[in-house]
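A closer look at the structure
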Amino acid sequence: MHFEMTTVAWVLICGALVYFMQAGFALCEAGLTRAKNTGNILMKNLMDFCIGTPCYWFIGFGLMFAGTGKFIGGFDPFIRGSYTAANSVVPQTMPLWCYVIFETVFCATAATIVSGSMAERTNFKAYCVYSAVISLIVYPVTGHWAWGGGWLAQLGFHDFAGSTCVHMVGGTIACLGAAMLGPRIGKYDKNGKARAIPGHNLTAMALGVFILWFCWFGFNGGSTVAMNSDSAAFEASLAFMNTNLAAAVATVVAMLFTWFRYGKPDVSMTFNASLAGLVAITAGCDAVTPVGAFFIGLVSGFLVVFSVEFFDNIAKIDDPVGAVSVHMVNGIWGTIAVGLFSAGYNGVGKGLFYGGGFHQLGLQLLGFITVQAYAFIVMFIAFKIIDKTIGLRVPEEIEIDGLDYAEHGLVSAYSGFAITDVTDMEVSANENTDLGEDDYAKASQAQINAAVKVNKEAPLPADLDTGIHKVTIICRLAKFDALKKALNQVGVTGMTMSQVMGSGIERGSTTKYRGAVVDSTLLPKVKVEVVVGNVPVDNVIEAAKKTLYTGHIGDGKIFVYNVSKVVKVRTGEEDLKALADVE
């Protein structure tokens, strides 16, 4: 058998570029989420590839390419069968394993898209399981329909590099998963208004997008799976040109649009638009002219902004990184766009705007609807089973503290690095602090503990315990009068107060992040210190927690220390007698 060496080299190099998209997704997702979940994000982007690879090798590739049946290829465990021109669509110009690895990295991309939308509250075990399901029976089946000689391919449906089969499939699963999980704690206030939860590292996010853009040339250009003829060279070159143009136009449009809409150009939304343009052009990058690519990118720039706002404010689906808007919505748009802008290149039917009528447009609509329906139904069942057995979502205590420690035993992904100025309240100035319930009586214990943290010193041995405690309370200045009154009511009348600075809530803020209001800033705090003996210390703690609680992380902190000796200097009285006139 003779192989085309230029084709082999081309496909392997492009496959390596597509693999490196995992790094781009990891950086992008980590940067757009909070530091306390960084290790979890990185692990998920590693493991969906490492779990997906053997799953796709086991049965996925066979389901996709082992035959040209209408709905599935065939059952070929561990790829031991023969793939010829007579029984499959696998190219004969390269070794089988060359094509297998190229398709494997595409499968991994579909799985990793889901990670971002379900970030910061998903059970890691559940994530590993549903990543396997995607690689075993979702991507291979829909991939067969469009690329493996299945019924959509036979009809003439066109998805050159995966707007539908990769991005829309991944985005649809991401949307379903995020909806079933529910929003992160603090994403919506009690009135249902979306609040911003800014990402902790826009540098990592930006680097991730640059890596993805670079690797997308391999994703789209490499989908020629050939470089042995003039037509293949033209096809790859056109794919490169259209890919870059659509992304650039989408980016400029989103920058100008958010500038007009929010008063300032939104950084993360603009970078999202780069990816939106890349996703949208992926289906038709070989079939449209640069003029068509321009308009595809133009629409993407507007579409991603409107979509993020829709899912945030109307659908109430919390998507931390915008993956649903980037991959599902723009994957659908890119699929439809083939039916509008196809110039008839590469054997694709002409689009509506090029004199082809509604035929190709109808095929594109049929394709995305059926593929989306299959992915939705299979993954809905999978998510339900996982939720009933393993559990999709982590407990709220783990979510509040961060998944890094509870899920991976990682105290910090940035050990040894100071990534922000941390105040006494331990809340970053970029952190959304809303816990979703401002009524103390209705709040869960986890919400109360997150809002007003209590640190108690270990009890002294019985022979040393005086029953006296020093209680230090740090809270917002505006709460001092209410706190003083509450302490008086439980019998504490003597206290000292000093002012400090901490992170808190700025009401009425107009600063926006991805269209949602950012409500956090540095505000004056007070430190209140009391010493109690006759008054039970637990009464003091409960009164302080009830007074300070507003439903936000950083409402207050309470430190309780053991006191072994108290002396009133004026009278010489000691211990409980010394406290008689301050309790």
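Just above sits the structure.
1. So, the overall build of the protein chain
Along the protein chain, the regular secondary structure elements total 18 helices and 7 strands. Once the C-alpha set of the protein chain is aligned to its principal axes, its extents read approximately 105 × 50 × 35 Å. Taking all 583 residues of the protein chain together, the buried fraction comes to 58%. When contacts within the protein chain are restricted to residue pairs at least 6 apart in sequence, long-range pairs at least 24 apart make up 78% of them.

2. Things to note about the pattern of salt bridges
Enumeration over the complete set of coordinates arrives at 9 salt bridges. Of the charged contacts in the structure, one is a salt bridge between E399 and R393, with a shortest N-O distance of 2.8 Å. When salt bridges that share partners are traced, they join R34, E120, R184 and D318 into one network.

3. Some points on helix α11 (residues 323-341)
Compared with an ideal rise of 1.5 Å per residue, which puts 19 residues at 27 Å, α11 spans 25 Å between its outermost C-alpha atoms and is within 8% of the ideal. Helix geometry: α11 is bent most strongly at N330, by close to 30°. With 19 of 19 residues buried, α11 lies mostly within the body of the structure.

4. A few points about the nonpolar core
Counting 118 residues, the largest nonpolar core has F61, F106, Y130, Y139 and M379 as its most contacted members. Tallying contributions element by element places helix α3 (residues 96-117) first for this core, with 12 residues. Filtering out sequence-adjacent residues up to four positions away, M379 remains in contact with Y130, V133, I134, V138, I173 and L176. By size, the runner-up hydrophobic cluster in this structure holds 30 residues, among which are Y440, I473, L548 and Y549.

5. So, the packing of aromatic side chains
Applying the stated criterion to the full structure yields 31 aromatic pairs. Ring centres of F210 and F271 lie 5.9 Å apart, and the angle between their planes is 85°; this geometry places the pair in the edge-to-face category. In this pair, F210 is assigned in helix α7 (residues 202-221) and F271 in helix α9 (residues 267-282), connecting sequence segments 61 residues apart. Owing to a relative accessible area of 52%, F210 belongs among the exposed residues under this scheme. Among the aromatic residues, ring-to-ring pairing joins Y56, F61, F65, Y83, Y99 and Y139 into one connected group. Above the plane of the ring of Y127 lies K44, whose end atom (NZ or CZ) is 5.1 Å from the centre.

6. Brief notes about the packing of helix α1 (residues 5-31) against α7
Axis separation between α1 and α7 bottoms out at 7 Å; the angle between their running directions is 160°. Our classification of the angle between α1 and α7 gives roughly antiparallel. Like other packed secondary-structure pairs, α1 and α7 cross with a definite hand, here left-handed. A breakdown of the residues in the contact of α1 with α7 according to their chemical character gives 20 nonpolar, 5 polar and no charged.

7. Some points on the side chain of K187
Note on placement: K187 falls in the loop between α6 (163-181) and α7. Residue classification places K187 among the buried residues on the basis of a relative accessible area of 5%. With residues near it in sequence (within four places) discarded, K187 still touches K193, A194, R195, I197, D312 and D318.

8. Notes on the environment of R261
Note that R261 resides in helix α8 (residues 230-262). Placed 44 residues apart in sequence, R261 and V305 show a C-alpha to C-alpha distance of 9.8 Å. If we ignore the near neighbours within four places in the chain, the residues touching R261 are V305, F306 and E309.

Definitions and limits used
- Residues numbered from 1 in each chain as written.
- Predicted model: local features only at pLDDT ≥ 70, side-chain atom pairs only at ≥ 80, totals over all residues.
- Heavy atoms only, no water.
- Helix = DSSP H or I, 4+ residues; strand = E, 2+ residues; numbered from the N terminus.
- Buried < 20%, exposed > 50% of the residue type's maximum accessible area, 1.4 Å probe, protein only.
- Contact = heavy atoms within 4.5 Å.
- Salt bridge = Lys/Arg side-chain N within 4 Å of Asp/Glu carboxyl O.
- Expected span 1.5 Å × (residues − 1).
- Bend = angle between axes of the 7 residues up to and from the residue.
- Core = buried A, V, L, I, M, F, W, Y, C linked by side-chain atoms within 4.5 Å.
- Phe/Tyr/Trp six-rings, centres within 6.5 Å; stacked < 30°, edge-to-face > 60°.
- Lys NZ or Arg CZ within 6 Å of the ring centre and 35° of its normal.
- Axes fitted to C-alpha atoms, helices over the stretch in contact; angles between N-to-C directions.
- Parallel < 35°, antiparallel > 145°, perpendicular 65-115°, else oblique.
- Left-handed = near helix turned anticlockwise from the far one by under 90°.
- Nonpolar A, V, L, I, M, F, W, Y, C, P; charged D, E, K, R; others polar.

Honestly, it's all geometry; don't read function into it.
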